[in-house]
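Single-letter residue listing:
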Amino acid sequence: MTEPDVALTDYALAIECALFAYLVRGRENAFFFGSAAVASLAGGTVHGFFLDASTLGNAVLSPAPAARRITIAAAAAFATYCVFTLFVTQQFRAAVVFYLPAVVFLLVALSVAYAHARERGILVAIAGLGLMFIAAAVQQARIALHATYFNHNALYHLIQAMALWLLFLGLRRLHADAT
């Protein structure tokens, strides 16, 4: 295994997100967590076994996580991301740039919803999204707990797991309040 810390934390994220997809109410929320589970599973496999960009496994698993195709613009952005990742760069920074608009949009939408409703679940989900930004900053700054045994990607996964948990709790609470 080439990067066991990164692969295992990615696999842990995949399990967490699959569980959240199962537990969360609402088709779009289940799709979000399901997509994150598939992306984490692919990421763990790449970091664990196909880190060499010249391998077939890397070519198949690295292009892009499944994207939510709510609008034509989202589908176009996803296609652009795939082309960019396949032919330009496979650096994580590209993923951050491409998922940033969706996270910012969700953050703005949740903030507006919180301003109107003052629901605690919305605030918890906002905290989760904020933690996602911190996770990305930690990953990009290459902050690690240990250079060999728990590198910046593994720390990113740990923070991301906490962020997704907060998002799950917030969404679950919103759905519980709505029923």
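These numbers come from a predicted model, not from an experiment. (Residues numbered from 1 in each chain as written. Predicted model: local features only at pLDDT ≥ 70, side-chain atom pairs only at ≥ 80, totals over all residues. Heavy atoms only, no water.)

Take the environment of Ser35 next. For Ser35, the position within the fold is in helix 2 (residues 27–49). In the structure, Ser35 is positioned 17 residues away from Ala18 in sequence and 8.8 Å away in space, judged by C-alpha atoms. (Helix = DSSP H or I, 4+ residues; strand = E, 2+ residues; numbered from the N terminus.)

A word on helix 6 (residues 120–140). With 21 residues, helix 6 should reach 30 Å at 1.5 Å per residue; the first-to-last C-alpha distance of 31 Å fits that figure. Among the residues of helix 6, those classed as buried are Gly121, Ile122, Ala125, Ile126, Gly128, Leu129, Leu131, Met132, Ala135, Ala136, Val138 and Gln139. Once helix 6 finishes, Arg142 follows within two positions and takes phi at roughly 60 degrees, a positive value. (Expected span 1.5 Å × (residues − 1). Buried < 20%, exposed > 50% of the residue type's maximum accessible area, 1.4 Å probe, protein only.)

A separate point is a nonpolar patch on the surface. Judged by side-chain polarity, Val83, Phe84, Leu86, Phe87 and Val88 come together as a nonpolar surface patch covering roughly 500 Å² of accessible area. If you trace the backbone, Leu86 turns up in helix 4 (residues 72–87). (Patch = residues over 30% accessible without salt bridge, like charges linked within 9 Å, V, L, I, M, F, W, Y side chains within 5 Å. Areas by Shrake-Rupley, 256 points an atom, 1.4 Å probe, with all protein chains shown as cover. Salt bridge = Lys/Arg side-chain N within 4 Å of Asp/Glu carboxyl O.)

Taken as a whole and assessed by the stated rule, the structure comprises three aromatic pairs. When the centroid spacing of 5.4 Å and the interplanar angle of 75 degrees are considered together, the rings of Phe20 and Phe33 count as edge-to-face. Separated by 13 residues along the polypeptide, Phe20 in helix 1 (residues 4–23) and Phe33 in helix 2 bring together distant segments of the chain. Across the pair, Phe33 and Phe20 agree in class, each one buried. On the numbers, 4.1 Å between centres and 5 degrees between planes, the contact of Phe20 with Phe168 is stacked. Of this pair, Phe20 sits in helix 1 while Phe168 is found in helix 7 (residues 152–178), placing the two residues 148 residues apart along the sequence. Phe168 matches Phe20 in its accessibility class, with the two residues each being buried. Each residue in the set Phe20, Phe33 and Phe168 is aromatic and connected to the rest through ring pairs, giving one cluster. (Phe/Tyr/Trp six-rings, centres within 6.5 Å; stacked < 30°, edge-to-face > 60°.)

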